[in-house]
Structures are given as C-alpha cells and as structure tokens.
Amino acid sequence: MQRGRSLIIEPITLDGLNFPGTPLSRPRGNASAEVALAPALSEKTCCFGVTHSSSLATGSSICFRTMFAVHLLAFHFAKLKEDQIKKVDRYLYHLRLSDDVLLDVMTRFQAEMARGLGRDTNPTATVKMLPTFVRSLPDGSEKGEFLAADLGGSQFRAHQVKVSDDGKQSSQLESKFYPPPKEVIQGNRAELFDYVAHCLLDFMETNNLKHKKLPLGFTFSFPCKQTKLDEDIDVDVLALVNDTVGTMMTCGYDDPRCEVGLIVGTGTNACYMEEMRHIDLVEGDEGRMCINTEWGAFGDDGALDDLRTEFDRELDLGSLNPGKQLFEKMISSLYLGELVRLILLKMTKEGLLFNGKVSTALLTKGKIEMKHVSAMEKYKEGLSNTKEILTELNLCPSEEDCVAVQHVCTIVSFRSANLCAAALAAILTRLRENKKLLRMRTTVGIDGGLYKTHPQYAKRLHKVVRRLVPNCDVRFLLSVSGSGKGAAMVTAVAYRLAAQRGRIDAALAPFLLSLDTLREVKSKMRTELEYGLKRETQASATVKMLPTYVCGTPDGTEKGKFLALDLGGTNFRVLLVKIRSGRRRSVQMYNKIFAIPLEIMQGTGEELFDHIVQCIADFLEYMGIKGARLPLGFTFSFPCRQASIDKGTLVGWTKGFKATDCEGEDVVDMLREAIRRRNEFDLDIVAVVNDTVGTMMTCGYEDPNCEIGLIAGTGSNVCYMEDMKNIEIVEGNEGKMCINTEWGGFGDNGCIDNIRTKYDKEVDEGSLNPGKQRYEKMTSGMYLGEIVRQILIDLTKQGLLFRGQISESLRKRGIFETKFLSQIESDRLALLQVRRILQQLGLDGTCDDSIIVKEVCGAVSKRAAQLCGAGLAAIVEKKRENRGVERLQITVGVDGTLYKLHPHFSRVLRETVKELAPQCNVTFMLSEDGSGKGAALITAVAKRLHNIGQK
C-alpha cells in the first residue's frame, strides 16, 4: 500500500443501520486501531470487503475487516454518545453548577457558619456549629492503651488501640464486630446501652483486658444525653466522639497539618478546628476547639431553594424527615441513587428513555442505590454495567438509553461533589482567614463510602476544591478506621492533656498567691519600712529608706531654664527644661538620647562619667547653650545614700551596671570631676535625683495630692513623703521629706523565702548580683522574662512544651524579654500571632504550646503585680496612719514600661491595693517623663526653697 492512496469501504449493513461507503485515510505511523467501546457494541462482528484502488494488474483485494469495523463503529458510537449527552445536559440543566454558582454557595455557607457560632444567632441557624470540646490535635507524644466503642451504623464495633511514641510514632488496632439485634436497635435506651456494655465486656474478656482500667473513647454518631456505661465495666469514659471528629483525629495522628474532618458516605458532615474567641457558645477565648458543623441541614431555611430541583423536592417529600437535612439529601450516598431513579422515571414517562415504557421496578422507591450509580460510572465497564442494571429493573435499554442513563448518574454525582467542595472551600477559607495567611497549607482527613468507592468522586472533589480556593494547598488524607481509632486518638489526646494539665498546674502553683499570703507580704513590708527609718536598725534593714532631701513638692510658682540628666538604663538622656509660672504655666522640654555601650556600663567609673560628660557637651553644642551655667538636676536611678540634696553616695549598682570604683563614692563629685577633666563648660549641680522621686514630682506638679511615686518598669521602686519626725537618721522634726525606699532589696534577709520559687532562685543565681534585690527580681521587667524562660525550660524538659526539644535560642539567657510578655498576654492577640512571636525567638511551637506559654506569662506577671500591690498597700496604710485619718485620699504617680505597656499589670496592681488597703482611696496618675521633667522640677523646687531660705 503506497503512501497517500485511498481505501474505499463498500456499503454495508449493521443491525439495520446503513452506512454508505466512506473514504478513510490510513492510520499514520503505528497508531493503534483499538478503541475502547462498550462491550455491548464491541461484541458485534461484521466483515468489510475492501477494494484497493490502485491499478494493480492482479486486481487482488486486501481485507482489513477488524481495523475498519472498529474505526467505523467508534465514529458511530461517538456520535451517538454525543447526542445522548447533549439531550441529558439539556434536560438536567439545573443540576449542572457553574463555578460562579459554587462560589455563591461557598459565600452562603460562610455566612451560615458565622450564624451558627454566634450566641444570639445560633438558635435560628441551620448549620449548628456544635462545640465538641476537643481542644487539641495529636502531637505525636500520645502513648498507652485505649478502648474505643463505635456505635454509628448497622454494627457495634469494639476496638483496642495501642499508641506508641518510642521514636517510631505508631498505633495498633484490634477490632471486633457485634451486629445489634433488631429488638435492641428499635428498643429503649437502656436496652441499647446494656447491649453496648455487654459487647464491651465480651471484648475485654476475649482480649484479656478486664483486669486493666483503660480509658475509653465512645463514637456515638447520634444526638444522645447518655454519659456513662454500665458500672460493672472498669473503664474511664474520657471522650464522647462524633465520627467526623474521629476521622480528623485519626488523620491528625499521621499528619500534624490535618485540622479538617470530612465524611461523604451514607451521611455527610464536616468538622474543623475553630478559634475559641469566635465560639460564643463556649466560655473562654484561648486556644482552639473542634467544631462539628452538622452541615447536612444547610438550606433547611430555604437558602438553597434556588438550586433545588423538582427531583430534590420529590425526594425530600418521600423521605422520613421532609424539610430537613436538605443539603445532605443533595450530597450523600443514601439519597443519590433515589435521585437518579426519580430522574429516569420522569424521562421515561416523557418518552425520552426506554421507548416510554416504565417498569414496576423503576416505579419502586429504593430500587436504584448508590452502588448501582458507582457501577454505571465505571470507566471501562460502565456501559455494560448500565445495561445489566437496567435489565434487572425489567427495562429494555438501547445503546442510546445506556449512554443517557450513565450521563444522568454522572451529573447527579458530579453535583454532589461540587456542593461538597463549595462547603469545604468555605471552611478552608475560614481557617485561612483565622490564621491571617495569604496562602495556607492544610490537610483534610476524609472518610465515607461515597468518597472511597465511587470511581470518580474523589478526583472530582479534589479538583473543584482546588479551583475554588486556589490560595489553599490542600492534601486529602484517607482515614483508616476514623470512628474507632479516631475515638481512641481523641481519648489519647484528652488523656495526654489531663496529665499535662496536672504537671503544668504543679509548676505554676507557687505563683498563685492567696489573699492571706499577700497580707503577710504587706505586713512584712511594713516591718521593713520601719526598720529602715530607725537609726539603730537602718544599717541592717533590707529596705533602706534613703532620705532624698527633697522637702517639698511643686506649688506652681517654679520658673526658669534647667538642665536635667537621666541615667537609669541602657540609654542616657540630656534635657533642657523651660518652666513658666502664672496663668501661662507650662513646661517645655528638649532632649537628646545617647546610648551607653555595654563595655562602658561594665567598665571603670571614670570611663562611664567621661562618656556622660561627652554626651552633655554634644547636647549643649546642639542647643547652642554651651556658655550658660544652668542649674542641673541629675536623675541617677540607682540606690544612693544622700547627705544633702546635691550629694549622693552610690550604695550599689543594679539593672546590669557594674562600673568599677563607683560604689561608696559621691556620684555628684564624680560628675563634677569629669566636667573638670573635659574643661569645656561648667554647670550648677543642684540636685541628685532618683527617678522614682522625679515621677512623684512630675505628677505633683499636676496634682498637689500626689505624695507617692512608683516605678514599675525595668526596675521597681517606691518613694513617698514621710513626716520628718519619723526619719530618725536625719536631724529635725518639722515638715516632710521624700524617702526613697529602694524596696527592691526587700526579702534579701530571707523574710519572703516562703514565696520564692525554684525559678526565682535560678534567675537570682544567674544574675550579676546574686542574693540581692530579691523583691525586685520578682516584680520588675528586667527579670520577669527570664523567670518565664526558666519555667519554659523546665516544662520542655518534662515533655510538656515544644515536643520536649529545648532549642538553642531557649538556652540563651535574656532572650525572653519582658516586652514579649506584654505582647503575648495582649487580649487582642490571637494565638497564631503568639506563635509567630515564639517563632521570632526560634521557638517553633504548636497552638497548644502557645496556650501554655501565654498561661506561664500570665502567672508570672500577675504575681509581680500582686507583690507590687502588697508593698504599695503597706505604704498607703502608713501614710493614712501618719495623717491620723479614718479614710485617706491620695494620688500615686506611676511610671515604667511594665505599668504602661503590659495589658493586665496596672489593673491587677490597683485591685490588690484596693483589697489590702480598703480604707485608702488611691488614685493612680501616669507620669509624663518623671526622670527628665521630674529632675528639672526638683531642681526648680530646690532653687525656690533655697531662695526662700536666703530671704
């Protein structure tokens, strides 16, 4: 046969169909002539006489009967199939859903989910969004033996599940089936549960488990109030589980990303992990909880009426629960076969199928089941299966009928997959939005006969979901015994969480201070305050009660220009403060911040003060006032023993400073000597000021009733105006003087050792000043983060956090700054954001880890605020007694980042003071730059009082 020649097929007859002779090109190359045909057609045989059109002298003919018969039949069948598909498509137009329609369904379902989660809207919501109280997914550390009971279908199943975390995370499942008798299924509740108990007892005896008290998970896929089994069975019922939740948990054990469970079988449902803050039906905002959507009822309020066809309505009217579970009736395998039957029946009555002849079987409800639909949609044998099934229904299907019926099945099952995909896409979108992600990776655990046995369903579902939510990378993981193993996994997780809860509570118990304990702290603080004021005990007192020689508060007549220096942390400030009096009373400030390098903080005293003077010189030049000799107030926020307002001897460094040759020296003299060494300018150093005193003076400028200053920040301290007659270490009995308590040393004598934890001791031992400033190390921002870090290390060692793995970053001292406590404890911060903060610290934790970390931070910061409040209550009570009044009205000026920025510290502090000092009405006033503005005001007050003295 030469290239390009034609073959002429002679006219033939096939089962009464006439086909004219047709030119047919020869197949190119090695193209196969085999075409997949329905067995009913491929069984037909025929012979074609083929004449070669060349001018061969012999006139011999070549027979290619099989090849050309198949080719021609394929052409005929394709045309026939195309016609039938178009006919069915036109007839079932309303069952074919576009992507726009599916996106609209997705939006409707999202709205219904929100209604189900709301307390006020839940009663009328069709999607009930039921809380399951499953708060955690498997993390791989679950272990032990568990029983699982599964009552959700035609059989009761008992399972023994062994879970191991020996480095090869694994589970073993042994099961036994118990078919319940009809009289049990249709009997009363007591009979049913007696039967369940009997089966469990038999299973335990068979597997030699009766002597063990094993935790039990109970999968009960129906609404039920029953909460415990027969008393003779020695088990702990830890979890009542829905089969959908069991599916999610089973897959979650194998894939930590699994946070959605989906059932597509006889029934259909979905569950997922929702943020607690969105679940109004359950108390609490922390963490997540699995929500059982019960989405089968979606549309029961008419929300899907525009999508429901006459066939859906007829099916619903003939069901056991008309008007209910409408979404499920469009999706689940229990109804799809019946839906196909109703469509075929109407098409037959209209003469579109089976020559209009209806069989008794086709008229009978339930004669077409999902197994028939699946068989008819099989890829290769689908048409032959269709012919066989229709024949069993006493119908006489033609080839056209078989093609049409097969396509009806495809449209019905495809609509099911589409609707299921739209609702699932809504859940995935909600998960992604909850996490505030542009793109999300997640896994859907899935089970159900329709998904597993239908030849095309899974592929269709996956494809449509990925098309509807392109910003979600979704893995579908088939569940293995979700209702049995899943129940055991829910129980295992509950068991793990219960054990973890006990150990976490034990670790944090010492941080929970009772009211009696706080009263005891207040009493001890009052005792130490008195010791510090008395001459004979002051030397050994832990609360030093240092006189500041600040003998007055602002009265509004202060005016002039003043310089202020502020040294109290890693930064140093120089300020120019302009104070105006009279009607236009105001304070204007100009400042510049300079860093203090670590090597200067921990170098020599001379290097430190030379650096300070360098900063002053830069500022004076910057402001153009280098030649002016201005009065200066020096805020020096470290313990100093003052002999006068301009003389302060450093008692000891705190806050990380360790500069040598400073302790025991007058800091004002050291500053003056540094100024002389530089020999560029001169200043009138009027006052050395503590930042706490500056805070009091700043607030005192606004409120004359302010006589207490509190710092709750990097450090912790209080000052207050004390009657001179009570200050034995200073001459004179008239008037008042501000006392800088330096209460950070409270407890250095061991008086509060009963409330110090092992974590406090570890922080103290690792500090620059072991054994000193113990109270400050329990209350100030510099140390709270380190206390948290020590607790996290301990919990991680116990396997309660971060999968038992201590990261390198967690080993680093100081990594957990107190600002992270404030961020983590913020009420506005979702756990996902907490998790991101931990990731920034190199701590890759789960959602459960985030909950625990937040709880640890809360325990540490609450104790700090309560201890601070107990100490402050001792001060205000002393002030009340000094004044000799029944009820005290007083203002406390407050500064410090812990008080200002932490979301709960200030509230807990105020509540504690109110509880422990009920006869004192205390107003808390936030200071505006106490260390800068306050220093200038102290200088101004000192100048005013000095001028009065001179006059």
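Further up the page is the structure itself.
Residues numbered from 1 in each chain as written. Predicted model: local features only at pLDDT ≥ 70, side-chain atom pairs only at ≥ 80, totals over all residues. Heavy atoms only, no water.

## Overview of the overall build of the protein chain
Here is step 1 of the chain: Each helix and strand counted, the protein chain has 30 helices and 29 strands in total.
Here is step 2 of the chain: Burial status across the protein chain gives 55% buried among its 951 residues.
Here is step 3 of the chain: In the protein chain, once contacts between residues fewer than 6 apart in sequence are set aside, the share between residues at least 24 apart is 70%.
Here is step 4 of the chain: Here the protein chain has roughly 42000 Å² of accessible surface; of this, 49% comes from carbon and sulfur atoms. (Helix = DSSP H or I, 4+ residues; strand = E, 2+ residues; numbered from the N terminus. Buried < 20%, exposed > 50% of the residue type's maximum accessible area, 1.4 Å probe, protein only. Contact = heavy atoms within 4.5 Å. Areas by Shrake-Rupley, 256 points an atom, 1.4 Å probe, with all protein chains shown as cover.)

## Quick notes on the sheet that holds strand β21 (residues 631–636)
Here is step 1 of the chain: The strand order across the open sheet built from five strands is β20-β19-β18-β21-β24, with neighbouring strands paired in mixed fashion. In this open sheet, the two edge strands, each paired with only one partner strand, are β20 (586–595) and β24 (684–689). If you compare each strand with its neighbour and ignore which way they point, the axes differ by 20° on average. (Pairing = 2+ DSSP bridges. Axes fitted to C-alpha atoms, helices over the stretch in contact; angles between N-to-C directions.)

## Section: helix α12 (residues 382–392)
Here is step 1 of the chain: Inspection of α12 places G382, L383, N385, T386, I389 and L390 among the buried residues, and these make up the whole buried set. Taken around the axis of α12, the buried residues stretch over an arc of 155°, which confines them to a single face.
Here is step 2 of the chain: Phi turns positive, to about 65°, at N394, one or two residues after α12. (Arc of directions from axis to C-beta.)

## Topic: unusual backbone geometry
Here is step 1 of the chain: Phi is positive for Y549, which is not a glycine, with a value near 65°.
Here is step 2 of the chain: Judged by its relative accessible area of 22%, Y549 is partly exposed.
Here is step 3 of the chain: Phi is positive for F802, which is not a glycine, with a value near 50°.
Here is step 4 of the chain: Assignment of secondary structure puts F802 in the loop between α24 (781–797) and α25 (818–824).
Here is step 5 of the chain: Judged by relative accessible area, F802 falls into the buried class, the value being 6%.

## Quick look at the environment of Q773
Here is step 1 of the chain: Counting through the fold element by element, Q773 comes out in the loop between α22 (758–765) and α23 (774–779).
Here is step 2 of the chain: Owing to a relative accessible area of 12%, Q773 belongs among the buried residues under this scheme.
Here is step 3 of the chain: C-alpha of Q773 to C-alpha of D748: the two residues are 25 residues apart in sequence and 6.5 Å apart in space.
Here is step 4 of the chain: Excluding residues that lie within four positions of it along the chain, Q773 makes contacts with T654, G744, G745 and D748.

## Remarks on the packing of helix α19 (residues 605–623) against helix α20 (residues 667–678)
Here is step 1 of the chain: Running from N to C, α19 and α20 cross one another at 65°; their axes reach a closest spacing of 9 Å. The chirality of how α19 crosses α20 is right-handed. Side by side, α19 and α20 meet where G605, E606, F609, D610, I612, V613, Q614, I616 and A617 of the first sit next to V667, M670, L671, A674, I675, R677 and R678 of the second.
Here is step 2 of the chain: Grouping the amino acids of the contact of α19 with α20 by side-chain chemistry returns ten nonpolar, two polar and four charged. (Left-handed = near helix turned anticlockwise from the far one by under 90°. Nonpolar A, V, L, I, M, F, W, Y, C, P; charged D, E, K, R; others polar.)

## Regarding the nonpolar core
Here is step 1 of the chain: Of all hydrophobic cores here, the largest spans 86 residues; its most connected members are L262, W295 and L428.
Here is step 2 of the chain: Ranked by the residues each element gives to this core, the list is headed by helix α13 (residues 399–435), at 18 residues.
Here is step 3 of the chain: With sequence-adjacent residues up to four places away left out, L428 is seen in contact with V260, M440, T442, V444, V465, V469, C472 and V474.
Here is step 4 of the chain: In terms of nonpolar packing, the next biggest core, distinct from the first, is built from 85 residues, V788, I791, V856 and Y899 among them. (Core = buried A, V, L, I, M, F, W, Y, C linked by side-chain atoms within 4.5 Å.)

## Here's the deal with the pairing of β20
Here is step 1 of the chain: Sheet topology places strand β19 (residues 571–580) next to β20; ten bridges connect them, and they run antiparallel. Paired with F572 across the two strands is F594, which belongs to β20.
Here is step 2 of the chain: Between the end of β19 and the start of β20, which pair antiparallel, lie five residues, with G582 showing a positive phi angle near 80°.

## Regarding the packing of helix α3 (residues 99–117) against α13
Here is step 1 of the chain: Relative orientation of the contacting elements α3 and α13 amounts to 55°, with a least axis distance of 8 Å. With respect to α13, the axis of α3 lies oblique. Where α3 crosses over α13, the handedness of that crossing is right-handed. Residues L102, V105, M106, F109, Q110, M113 and L117 of α3 pack against N418, L419, A422, A423, A425, A426, I427, T429, R430 and E433 of α13.
Here is step 2 of the chain: In terms of residue class, the contact of α3 with α13 is built from twelve nonpolar, three polar and two charged. (Parallel < 35°, antiparallel > 145°, perpendicular 65-115°, else oblique.)

## So, the sheet that holds strand β14 (residues 288–292)
Here is step 1 of the chain: Taking strand neighbours across the sheet as the criterion, the six strands line up as β6-β14-β13-β12-β15-β16 in an open arrangement whose pairing is mixed. Strands at the two margins of the open sheet, each flanked by one partner only, are β6 (130–131) and β16 (472–478).
Here is step 2 of the chain: Across five bridges, the pairing between strand β13 (residues 268–275) and β14 is antiparallel. Directly across from E274, in β14, lies its bridge partner M289.
Here is step 3 of the chain: Helix α15 (residues 457–468) rests against β12 (258–264), β15 (440–447) and β16 of the sheet, and its axis sits at about 160° to β16.

## Points about the packing of aromatic side chains
Here is step 1 of the chain: Overall, the coordinates contain 15 aromatic pairs when judged by the stated rule.
Here is step 2 of the chain: An angle of 80° between the planes, with centres 5.8 Å apart, marks the rings of W295 and F327 as edge-to-face. Pair noted here: W295 is in the loop between β14 and α7 (310–317) and F327 is in helix α8 (residues 326–331), with a separation of 32 residues, a long-range link.
Here is step 3 of the chain: Residue classification places W295 among the buried residues on the basis of a relative accessible area of 0%.
Here is step 4 of the chain: Residue class for F327 comes out buried when judged on its relative accessible area of 0%.
Here is step 5 of the chain: Members of the aromatic cluster, connected to one another through ring pairs, are F634, F636, F638, W653 and F657.
Here is step 6 of the chain: Across from the ring centre of Y622, 4.7 Å away, lies the NZ or CZ of K592, which sits over that ring. (Phe/Tyr/Trp six-rings, centres within 6.5 Å; stacked < 30°, edge-to-face > 60°. Lys NZ or Arg CZ within 6 Å of the ring centre and 35° of its normal.)

Purely geometric numbers; function is a separate question.
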